[in-house]
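Residues per chain are reported as follows:
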Amino acid sequence: MSCINSNHPNPQFEREKWESLNGKWDFGFKKGTKGFKFSDDEKTAVDIRKRGEYTHKINVPFCIESELSGIGYTGFVNMVWYRKTITLKKTDERVFLHIGAADHLTTILVNSKSAGRHKGGYTSFCFDITEYIVDGENEIFILCEDDVKNPFVIRGKQSEQLKSHHCDYTRTTGIWQNVYIEYVPQNYIKSFKIYPDVNNGTVTVSAELIGKGSFSCQAFYEGKFAGEAYAECAAGNCILQIKLNEIHPWVIGNGRLYELKFTFDRDYVKSYFGLRNIRLDGYKFLINEKSVFQRLVLDQGFYKRGIYTAQNDDEFEQDIRLSTELGFNGARLHQKVFDPRFLYFCDKAGYIVWGEYANWGLDYSNPKSVDVFLNEWSDALQRDFNHPSIIGWCPFNETWDYRGRKQYDPLLKMVYEYTKTVDPTRPCIDTSGNFHVKTDIYDLHDYNFDVEKFRRNYDRFVTENYLYEHVLTDNPGRQKYGGQPVFISEYGGIKWTADRAYKPWGYGEDVKTAQEFANRYCGLTDAIISNKKMFGFCYTQLYDIEQEQNGLYTYDRKKKFSDEIYSQIRQLNTKTAEIEKI
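Definitions and limits used
Residues numbered from 1 in each chain as written. Predicted model: local features only at pLDDT ≥ 70, side-chain atom pairs only at ≥ 80, totals over all residues. Heavy atoms only, no water. Pairing = 2+ DSSP bridges. Helix = DSSP H or I, 4+ residues; strand = E, 2+ residues; numbered from the N terminus. Salt bridge = Lys/Arg side-chain N within 4 Å of Asp/Glu carboxyl O. Buried < 20%, exposed > 50% of the residue type's maximum accessible area, 1.4 Å probe, protein only. 1 Å grid on protein atoms, 1.4 Å probe; cavity = no way out; pocket = protein on both sides within 12 Å on 5 of 7 lines; lining within 4 Å. Points joined across faces, edges and corners; volume = space filled by probe spheres on them. Nonpolar A, V, L, I, M, F, W, Y, C, P; charged D, E, K, R; others polar. Disulfide = S-S within 2.5 Å. Polar contact = N/O pair within 3.5 Å; in protein donor to acceptor, adjacent residues only side chain to side chain. Contact = heavy atoms within 4.5 Å. Axes fitted to C-alpha atoms, helices over the stretch in contact; angles between N-to-C directions.

Colleague: Mind showing me how you'd approach the sheet that holds strand β20 (residues 278-281) here?
Modeller: Pairing between the strands of a sheet is mediated by backbone hydrogen bonds and can be parallel or antiparallel. With antiparallel pairing, three strands are arranged side by side in an open sheet as β20-β21-β22. Looking at the sheet topology across the chains shown, the edges are occupied by β20 and β22 (290-291). Across four bridges, the pairing between β20 and strand β21 (residues 284-287) is antiparallel. Across the sheet, residue L280 finds its bridge partner in β21, namely F285.

Below, the structure written as structure tokens:
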């Protein structure tokens with residue numbers, strides 16, 4: 001039994017009986033945004049299906065804007081619709097239709113009957129379509145509606161202007177993660193949470209079950225039996241704890257994953273976990289009781305040919321490899337919920353990441369945003385809770401004033417408290433950079449390029465306990481440091497292109513030579529590594545994205561610098577941090 005080399009769309013929740021629906025679908029779309037209004041019910045989908053206006057074939061799961069979709073239309077689009085005919089056989093099993101992500105409002109019809117609607121462009125969802133299917137040919141119709149200019153639609157880094165600009169990029173409309181169907185027994189495992197405990201050598205599972213029967217869980221390590229537990233359970237929650245007979249901690253650079261096999265009546269699910277604990281200790285961030293300096297790089301999850309969607313697993317693994325080859329041990333996954341398969345490779349590699357959500361585009365000054373954000377964020381927490389590579393949550397990023405209005409502070413406070421209730425095992429940063437309301441960690445964004453000034457500012461944190469904060473200087477009273485652990489979660493962003501005729505966007509003044517780039521990178525980074533009160537850094541960013549040319553690699557992941565320059569960066573990144581010596 002092994003899930004460690006799984007090709008399932010969600011390796012943490014894998015049933016044997018599933019079928020991918022990726023590939024060619026009939027497709028149509030509506031251009032423009034003027035006068036657009038989201039549908040109130042399924043009637044719009046029913047009307048569009050009846051008209052049967054399919055002008056293209058699209059390659060699912062790639063968005064219409066991407067080259068890999070086969071279309072590559074990058075103008076404004078407010079509606080896209082898909083049709084596919086599949087052959088099914090009715091049995092005593094249930095049939096679930098899964099969509100990894102589709103932006104933004106999705107309506108599904110199966111054989112012209114409404115199977116469900118989902119709102120939110122970044123979270124996974126599924127519908128039980130059993131009662132709508134027939135023996136033989138079945139038509140699946142999907143309508144996605146989107147409007148990046150709507151103040152209650154979260155767009156993330158998708159440009160609200162016609163063209164990409166600054167740090168906003170090509171939009172993603174419609175389906176952009178895997179679509180598949182799954183065959184499930186009448187009594188089945190709906191969900192589960194995994195609680196590893198390296199200190200006590202146990203793993204606890206809390207499962208939500210539909211129906212009743214015998215529920216069991218077996219653990220394995222590298223194919224060898226490592227423990228089991230079972231119980232008779234009725235519908236609802238069931239908790240099992242396994243005492244592991246072998247202890248293999250999950251560590252940076254080596255995931256050491258245990259495999260899990262769940263059985264409930266006739267339902268069989270494969271999963272995995274990493275044996276690791278997290279806690280904060282003063283200014284330190286501890287993983288399995290060891291102080292870990294976080295050497296992170298910003299990863300925005302954009303791909304040149306697929307936009308939000310990687311072409312294959314090789315692109316996921318490539319980004320992790322490029323990062324670790326430069327001495328980084330993880331990433332901030334920025335303004336996006338990443339594909340479960342990317343997180344799977346992070347889990348395997350022992351590559352630490354922060355789970356973030358998109359928030360740009362949302363009117364977070366309006367109390368109505370609470371329902372919008374919490375509904376989407378709760379789905380992300382539920383889906384990704386079990387990934388050992390996720391070592392913290394950060395629901396918001398840079399909540400600058402929205403059209404001149406300050407953020408609604410109770411929104412950030414409620415989201416923080418909700419996150420801690422759902423997951424007390426990880427720290428939570430309410431909003432990365434600003435404006436903090438209630439947070440476990442006080443992180444900073446600082447794009448100051450004066451290396452000596454940058455160092456002096458944060459040296460004062462050690463010598464005088466004074467934390468320099470440009471947000472406080474520019475916006476007095478908006479946030480206050482309360483003694484939490486600290487790290488610089490965005491800095492650098494040094495724009496560089498070898499093409500001197502091209503004028504890219506980036507942070508600060510363009511450096512004139514590659515060596516000047518390396519000197520500035522190393523000077524800024526060393527100032528953080530050498531600070532006794534800093535537990536990490538996150539450099540902006542791993543690769544260029546469209547006009548933003550401040551990556552360590554190009555958008556298509558080619559080298560921008562010589563091996564000598566990369567060697568200097570790696571040598572500095574892997575230097576022992578001062579906080580690790582204490």
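Colleague: When you look at the pattern of salt bridges in this model, what are you seeing that I'm missing?
Modeller: Side chains carrying opposite charge are able to pair once their charged atoms draw close together. For the structure shown, the criterion picks out 37 salt bridges. One salt bridge connects E53 with R51, and the closest N-O pair in it is separated by 3.6 Å. For R51, a relative accessible area of 48% puts it in the partly exposed group. Put simply, K575 and D526 hold a salt bridge, and the shortest N to O gap is 2.6 Å. Residue K575 is located in the loop between α9 (563-573) and α10 (578-581), and its partner D526 is located in helix α8 (residues 514-529); the two are separated by 49 residues in the primary sequence. Through salt bridges with shared partners, a single network forms among R15, E182 and D267.

Colleague: Sorry, what's going on with the layout of surface pockets here?
Modeller: Over the atoms, a rolling probe the size of a water molecule traces out where space has been left empty. Approximately 850 Å³ is the volume found for the largest pocket. Together, 31 residues line the largest pocket, and N10, H98, C126, K190 and R383 are the ones closest to its centre. Those elements that place two or more of their residues in the lining of the largest pocket are β5 (94-99), β9 (125-128), β12 (179-184), β13 (188-197) and α4 (369-384). The leading source of residues in the lining of the largest pocket is β13, at five residues. Partitioned by chemical class, the residues of the lining of the largest pocket number 12 nonpolar, 11 polar and eight charged.

Colleague: Explain the state of the cysteines here, please?
Modeller: Two cysteines, two sulfur atoms, one covalent bond between them: this is a disulfide. Applying the stated criterion to the full structure yields one disulfide. Two residues share a disulfide in this structure: C233 and C238, whose sulfurs sit 2.1 Å from each other. Considered together, C233 and C238 belong to a single accessibility category, that of buried residues. C126 carries a free sulfur, and the closest cysteine sulfur to it, the one in C144, is 16 Å from it.

Colleague: In this structure, what is going on with the side chain of H436? I would like to understand it.
Modeller: Tracing the backbone through its elements, the reader meets H436 in the loop between β28 (431-432) and β29 (442-446). A distance of 2.8 Å separates a polar atom in the side chain of H436 from a polar atom in the side chain of D430. Ignoring sequence-local partners within four residues, the contact set of H436 consists of I429, D430, T431, I441, Y442, D443, R478 and Q479.

Colleague: What's the story with helix α3 (residues 340-349) in this structure? I'm lost.
Modeller: Since there are 3.6 residues in each turn of an α-helix, residues three or four apart along the chain are aligned in direction. The buried count for α3 comes to eight of 10 residues, which makes it a mostly enclosed element. For α3, every residue scored as buried is listed here: P340, R341, F342, L343, Y344, F345, C346 and D347. The opening residue of α3, the one whose side-chain oxygen lies 2.8 Å from the backbone nitrogen of R341, is D339. Phi turns positive, to about 70°, at G350, one or two residues after α3.

Colleague: What exactly am I supposed to notice about the pairing of strand β10 (residues 136-145) here?
Modeller: In the case of a regular strand, side chains alternate between the two sheet surfaces. The buried fraction of β10 is high, at eight of 10 residues. Examined bridge by bridge, strand β4 (residues 77-88) and β10 share 10 bridges and lie antiparallel to one another. By the bridge assignment for β10, T87 is matched with E137. Pairing of strand β7 (residues 105-110) with β10 involves six bridges; the strand directions are antiparallel. Bridging across to β10, T107 finds its partner in L143.

Colleague: Which parts of the structure should I look at to understand empty space enclosed by the protein?
Modeller: According to the stated counting rule, one finds two cavities of 30 Å³ or more in the structure shown. Approximately 90 Å³ is the volume found for the largest cavity. What lines the largest cavity is simply L333, K336, V337, F338, L343, W354, G355, E356, A380, D384, I390 and W393. At the level of elements, β25 (352-356), α4 and β26 (390-394) are the ones that each hand at least two residues to the lining of the largest cavity. It is β25 that provides the largest number of residues to the lining of the largest cavity, a total of three residues. Of the residues in the lining of the largest cavity, the class split is eight nonpolar, one polar and three charged. Among the residues making up the lining of the second largest cavity, the classes are represented as three nonpolar, three polar and four charged.

Colleague: Would you mind showing me how to read the sheet that holds strand β31 (residues 534-540) here?
Modeller: In space, the seven strands of this open sheet follow the order β26-β25-β24-β23-β31-β30-β29, with parallel pairing throughout. The sheet terminates laterally at β26 and β29, the two strands that pair on one side only. The sheet shows a mean angle of 25° between the axes of neighbouring strands, taken without regard to direction. The pairing of strand β23 (residues 294-299) with β31 spans four bridges and is classified as parallel. Bridge assignment links L296 to a residue of β31, and that residue is C538.

Colleague: What is the right way to look at the pairing of β9 in this model?
Modeller: Of the two faces of β9, the one lined by F125 and F127 is fully buried and the one lined by C126 and D128 carries no buried residue. With four bridges connecting them, β5 and β9 associate as antiparallel partners. Residue L97 lies in a different strand from β9, and its bridge partner there is F127.

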